Amino acid sequence: MDEAGSGCEDVLSSELKGGESSPLAAVAKALLEGLVKLREDILQRRKKDDPYVLYTDRDCEDLLCGTLDGLFLLSKLALPEGRIDPAAMKQAYSHLQRAISLARISKDAKTSTAPAPSSEVQLRYAETLRSTSAAFHNAAAKLINSGKEAASASFWRSAAQIGQEALACRDEASKVAPTDGQSSAKVDSEAWILLREKHVPSRLELLGYASARSGERKAAYDAYVQALCATPRSTLDKLVSASGSQPVRSVIQSEPKLATLLEKLTSLATYDLFLLRDGGSEGTLRRPLEQAGIPIEFIGVTLEYQVLILDPVIHKEDVAIAVSTLLRELKDIYSGAGEYPIRRARVLLRTLEYAYSLDDPNLAGSPMVITGLLGTQASILGKDSQLSIFVPQYTLSLEILLTLQAHRRQDSEDSTTIILQHATKAIKTLRGIITQPSEVSQSQPGSNKKPSVPAKVAKRNGRSTSAKAKTGPVRNQKPSKTPKKPNVIEGLTNAMAKLKVE
């Protein structure tokens, strides 16, 4: 039976490579289907007596591998290049479903009288699941390449779920103590690292893409959230470290795929599903990320980046409500006692900025709180010690905002005094940020050089010309207009636009 099966597989594999069908291939396919069904029946009978016999008995294991290989090959044959129809997709999915149901251990095995599986058995089972998930992945990719994006959703869903199950099984096997000289593999091989850090996240993201193409926006959003939760630990650690020393935009955009994923999630949540319309925190990403064990620093920078995504269209009603919800959630995230004073000040400052631009008193906070947070001593900055370099910029933004707010209100006789006070503080802070060119040159080597002497100027008919200028007729020039007196408030508004908190 094994020799006949191998011969059929060789013939059909040659057909797949050549791309042409032949009468011999049709006979080989029919024979292979019969052999696979026979093997499947044998395995099902043995599996009823002992769910783990497929991974403990060598003959059963070989029989299982040959059956799965046959089902994988039949699935490939059901999806020929260039002529994929709904019936073919259904048949391919059926073959792979038979494969996973055959490979998966009974759910009741742990509660039966059978002994707990050893680590070696669990590792073999995990390898079988990984191979089956790869078969679903290959079928889904073939559908995508054939322009059947919407139809590939079920394949991507199975590929992601089975891949996650394989990882969980492997992690569980690494916890089981080795017995009878067995060695439990604790170091992931390259294939498992790829599955964990690349394949599972990409399958979930492609599931979201396929669901969106079929019009299932909620399913697409859920898949994108799962893809975000599956962010590799190495990436999370890098971004958490960067969030303590860099602006939000720089942190997220250092991972272009993550930035694109957050843009898709924000668009779906705001414009399609209206998850943030009611102002509740249930629609934010905080809860699913916390349930997945994601660090709170990554959650905070993720929500802040969502605010930056929505910033260009903040004047739309739905967007303003969404941003208000995100800012409220961020205040709570950064409310830890003394851990994130600079990040909390950044969020409160952004809230104050929107309160001014939207003229919404409900968003206005206490400037004194921001001032106090920005004035936190360096020794008690907690996890924000490296963000102290942004304190002058945030202080300048705060003073400009307070100046603009006082100018807008002008509800008392002291308004002019208040405006001048805040404007003076803003100018003082700006002087501290910007180093004058003369001061820089004096502090650099070689600054004792004599300044260059300007060219002598000769007067002709009351007009100044360079001594080196060529002689010739001088045209009458119109007197220059008196320069327009600068508008201080307009200048502060323009400065505020350039000092967007990133």
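Residues numbered from 1 in each chain as written. Predicted model: local features only at pLDDT ≥ 70, side-chain atom pairs only at ≥ 80, totals over all residues. Heavy atoms only, no water.

A.B. asks: Lay out the pattern of salt bridges with the relevant residues and their values.
C.D. replies: Any two side chains of opposite charge can pair, given that their charged atoms come close. Scanning the entire structure with this criterion turns up 18 salt bridges. As a salt-bridge pair, Arg124 and Glu120 come within 2.7 Å of each other at their nearest N and O atoms. Here the residue Arg124 and the residue Glu120 both occupy positions in helix α6 (residues 119-145), the gap between them amounting to four residues, near one helical turn. By relative accessible area, Arg124 is classed as partly exposed at 25%. Look at Glu120 and you get partly exposed, because its relative accessible area is 32%. Here Arg217 makes a salt bridge to Asp272, at a shortest N to O gap of 3.6 Å. Here Asp272 lies in helix α12 (residues 256-272) and Arg217 lies in helix α9 (residues 217-229), a separation of 55 residues in the sequence. Via salt bridges that share partners, Arg286, Glu290, Glu329 and Asp332 belong to a single interconnected network. (Salt bridge = Lys/Arg side-chain N within 4 Å of Asp/Glu carboxyl O. Helix = DSSP H or I, 4+ residues; strand = E, 2+ residues; numbered from the N terminus. Buried < 20%, exposed > 50% of the residue type's maximum accessible area, 1.4 Å probe, protein only.)

A.B. asks: Lay out the packing of aromatic side chains in plain terms, naming residues and giving numbers.
C.D. replies: Between two aromatic rings, the relevant description is the distance of the centres plus the angle of the planes. Scanning the entire structure with this criterion turns up five aromatic pairs. Ring centres of Tyr93 and Phe155 lie 5.2 Å apart, and the angle between their planes is 85°; on these two criteria the pair is classed as edge-to-face. With Tyr93 in helix α5 (residues 86-103) and Phe155 in helix α7 (residues 153-175), this pair connects stretches of sequence that are 62 residues apart. Looking at Tyr93, the relative accessible area reads 25%, which means it is partly exposed. Centroid distance Phe136 to Phe155: 6.5 Å. Interplanar angle 55°. Geometry classified as tilted. (Phe/Tyr/Trp six-rings, centres within 6.5 Å; stacked < 30°, edge-to-face > 60°.)

A.B. asks: Residue-level account of empty space enclosed by the protein, with values.
C.D. replies: A probe as big as a water molecule, rolled over the atoms, marks out the empty space that is left. Throughout the structure, instances matching the rule amount to one cavity of 30 Å³ or more. Counted as a void, the largest cavity has a volume near 30 Å³. In this structure, the largest cavity is lined by Ser243, Gln246, Pro247, Val248, Val251, Val301, Glu304, Tyr334, Arg343 and Arg346. The residue inventory of the lining of the largest cavity, partitioned by class, reads five nonpolar, two polar and three charged. (1 Å grid on protein atoms, 1.4 Å probe; cavity = no way out; pocket = protein on both sides within 12 Å on 5 of 7 lines; lining within 4 Å. Points joined across faces, edges and corners; volume = space filled by probe spheres on them. Nonpolar A, V, L, I, M, F, W, Y, C, P; charged D, E, K, R; others polar.)

A.B. asks: Go over the side chain of Thr284 with me, naming the residues and quoting the values.
C.D. replies: Examined against the element boundaries, Thr284 turns out to sit in the loop between α12 and α13 (286-291). Residue class for Thr284 comes out buried when judged on its relative accessible area of 4%.

A.B. asks: Run through the nonpolar core, naming residues and quoting values.
C.D. replies: Soluble, globular proteins show a tendency: their nonpolar side chains are buried together. Of all hydrophobic cores here, the largest spans 89 residues; its most connected members are Leu228, Leu265 and Leu285. Top element by residues in this core is α7. It accounts for nine residues. Residues in contact with Leu285, not counting those within four places in the same chain, are Tyr221, Val225, Leu228, Leu262, Leu265, Thr302, Leu303 and Gln306. In this structure, Ile342, Leu387, Phe390 and Ile400 belong to the second largest nonpolar core, which totals 20 residues. (Core = buried A, V, L, I, M, F, W, Y, C linked by side-chain atoms within 4.5 Å. Contact = heavy atoms within 4.5 Å.)

A.B. asks: Let's hear about unusual backbone geometry: which residues, and what values?
C.D. replies: What you tend to see is this: most non-glycine residues have negative phi, and most peptide bonds are trans. Positive phi values are uncommon outside glycine, yet Phe274 reaches one of about 50°. Along the chain, the position of Phe274 falls in the loop between α12 and α13. On the accessibility criterion, Phe274 (32% relative accessible area) is partly exposed.

A.B. asks: Before we move on, can you summarise the environment of Leu310 with the specific residues and values?
C.D. replies: For Leu310, the position within the fold is in helix α14 (residues 296-310). Considered as a pair, Leu310 and Thr270 are 40 residues apart in the sequence and their alpha carbons are 9.0 Å apart. Apart from residues no more than four positions distant in its own chain, Leu310 is found in contact with Thr266, Thr270, Tyr271, Val319, Ala322, Val323 and Leu326.

A.B. asks: Break down the packing of α7 against helix α8 (residues 190-213) for me, with residues and values.
C.D. replies: Packed helix pairs are characterised by how far apart their axes lie and by the angle those axes make with each other. Axis separation between α7 and α8 bottoms out at 9 Å; the angle between their running directions is 155°. Classified by the angle between their axes, α7 and α8 sit roughly antiparallel to one another. Between α7 and α8 lies a crossing of left-handed hand. Contacts between α7 and α8 pair Ala153, Trp156, Arg157, Ala159, Ala160, Gly163, Gln164, Ala166, Leu167, Arg170 and Asp171 from the former with Trp192, Leu195, Arg196, Val200, Arg203, Leu204, Leu206, Leu207, Ala210 and Ser211 from the latter. For the contact of α7 with α8, the class distribution of residues is 13 nonpolar, three polar and five charged. (Axes fitted to C-alpha atoms, helices over the stretch in contact; angles between N-to-C directions. Parallel < 35°, antiparallel > 145°, perpendicular 65-115°, else oblique. Left-handed = near helix turned anticlockwise from the far one by under 90°.)

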